[in-house]
Amino acid sequence: SITYRCFKLPDLESLCEDYGQIAYYKGTLPGHRHFYQLDDGHRFETGRPMLVCGNSASMVGESWLAPHFEVLGDRSVHFGLFEGCYAPKNDAKGQGADTALGGFLAESSGSCC
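Read on for an overview of the structure. From a predicted model like this one, the values you see are computed outputs, not experimental measurements.

## Overview of the sheet that holds strand 1 (residues 21-25)
(1) Moving on: Strand order across the open sheet formed by three strands is 4-1-5, with antiparallel pairing between neighbours. One side of each edge strand has no neighbouring strand; the edge strands of this open sheet are strand 4 (50-52) and strand 5 (69-72). Taken pair by pair, the neighbouring strands of this sheet meet at an average axis angle of 35°, ignoring direction.
(2) Moving on: Set on the sheet, helix 1 (residues 54-61) makes contact with strand 1, strand 4 and strand 5; between it and strand 5 the angle comes to about 145°.

And the structure:
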């Protein structure tokens, strides 16, 4: 089976951008006292700071999840692409490929969407 978590947020970006934002999970969701698994790349442990991309910060800080998270920082300072994210590659004609098929950047201790 598959679980989908969809978010209708106005400021989602097509790539994972690094703004130096940090998210803390409060451990307040019923049945998720010690951690919350947002998806396969986002496991938030209760009280542990986690570097997140702008999209992930929006998902946990501007949705139904907001009461259960604290997000520090905003999008005022841009550090570039979030490490560990997919970036579009250009094909032979110079056209960008689908981001899901793009090049994988270096691993990171943070989390990307």
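## Thoughts on the pattern of salt bridges
(1) Moving on: Considering all chains together, one arrives at two salt bridges under this definition.
(2) Moving on: Across the pair Glu45 and Arg48 runs a salt bridge whose closest N-O atoms are separated by 3.2 Å.

## Let's talk about the packing of aromatic side chains
(1) Moving on: Within the structure shown, the criterion is met by four aromatic pairs.
(2) Moving on: Judged by centre distance (6.3 Å) and plane angle (75°), the rings of Tyr36 and Phe69 are edge-to-face. A residue pair is termed long-range when its members are at least 10 positions apart, and Tyr36 in strand 2 (residues 35-39) and Phe69 in strand 5 qualify at 33 residues.
(3) Moving on: Note on Phe69: relative accessible area 5%, which makes it buried.
(4) Moving on: Taken together, the ring pairs connect Tyr25, Tyr36, Phe44 and Phe69 into an aromatic cluster.
(5) Moving on: For the cation-ring pair, Arg43 lies above Phe35, with the distance from its terminal atom to the ring centre recorded as 3.4 Å.

Procedures and definitions
- Residues numbered from 1 in each chain as written.
- Predicted model: local features only at pLDDT ≥ 70, side-chain atom pairs only at ≥ 80, totals over all residues.
- Heavy atoms only, no water.
- Pairing = 2+ DSSP bridges.
- Helix = DSSP H or I, 4+ residues; strand = E, 2+ residues; numbered from the N terminus.
- Axes fitted to C-alpha atoms, helices over the stretch in contact; angles between N-to-C directions.
- Contact = heavy atoms within 4.5 Å.
- Salt bridge = Lys/Arg side-chain N within 4 Å of Asp/Glu carboxyl O.
- Phe/Tyr/Trp six-rings, centres within 6.5 Å; stacked < 30°, edge-to-face > 60°.
- Buried < 20%, exposed > 50% of the residue type's maximum accessible area, 1.4 Å probe, protein only.
- Lys NZ or Arg CZ within 6 Å of the ring centre and 35° of its normal.

Purely geometric stuff here, so don't read any function into it on its own.
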